[in-house]
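# Chain and residue survey
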Amino acid sequence: MVDILYSQNYFGFKKDAQLYVKQIVLFINSCDFETNIKESPKKYYKYGKKYFRYKANNHTTWYIFFDQKDNQFLVNHILNNHSHDFTELL
């Protein structure tokens, strides 16, 4: 994710992209996976049956897709509101 954000010029410095991604990872690790969870639209089931949002700033919200089995959670895919598929997740 760091390489993608940096190579697509979202950040001018790789270190800034690393810090940004680190904040997303910290949010995911601190998430209790019980609040604000939504069922994924069927189109997105290949990424995960559930998702939650992370609002990084006033311009960007990340959608974190995951699957759950018992008390284990697997994050499968992440996209943001700048994606072409964003409108389906509003």
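Before reading on, note that the structure itself is shown above.
Here's what I pulled together on the structure shown here. (Residues numbered from 1 in each chain as written. Predicted model: local features only at pLDDT ≥ 70, side-chain atom pairs only at ≥ 80, totals over all residues. Heavy atoms only, no water.)

## Concerning unusual backbone geometry
Put simply, the test is: Helix numbering and strand numbering both begin at the N terminus, where a helix is a DSSP run of H or I of at least 4 residues and a strand a DSSP run of E of at least 2. Buried means the residue's accessible area, taken with a 1.4 Å probe over protein chains only, is under 20% of the maximum for its type, while exposed means over 50%, and partly exposed covers the values in between.
Here the phi dihedral of N9 falls at roughly 60°; this positive angle occurs in a residue that is not glycine. Among the structural elements, N9 can be located in the loop between α1 (2-7) and α2 (14-30). The exposed category is assigned to N9, whose relative accessible area is 67%. Positive phi is not limited to glycine here, since D70 has a value of about 55°.

## Some details on the pairing of strand β3 (residues 61-69)
How we decide: For two strands to pair, DSSP has to find at least two bridges joining them.
Here strand β2 (residues 50-55) pairs with β3 via 6 bridges, running antiparallel. Looking across to β3, one finds that K55 is bridged to T61. The turn joining β2 and β3, which pair antiparallel and follow one another in sequence, is formed by 5 residues. Inspection of the sheet shows β3 paired to strand β4 (residues 72-80) by 8 bridges, in the antiparallel sense. Looking across to β4, one finds that I64 is bridged to I78. Hairpin connection, β3 to β4: the antiparallel pair is bridged by 2 residues, and D70 has positive phi, about 55°.

## A short note on the pattern of salt bridges
Oppositely charged side chains can form a pair if their charged atoms are brought close together. Worth spelling out the cut-off: Think of a salt bridge as a Lys or Arg side-chain nitrogen and an Asp or Glu carboxyl oxygen that are within 4 Å of each other.
In total, this model carries 1 salt bridge according to the counting rule given. When the shortest N-O distance is used, the salt bridge between D3 and K14 registers 2.9 Å. With D3 in helix α1 and K14 in helix α2, this residue pair connects regions lying 11 residues apart in the sequence. By relative accessible area, which is 48% here, D3 ends up partly exposed.

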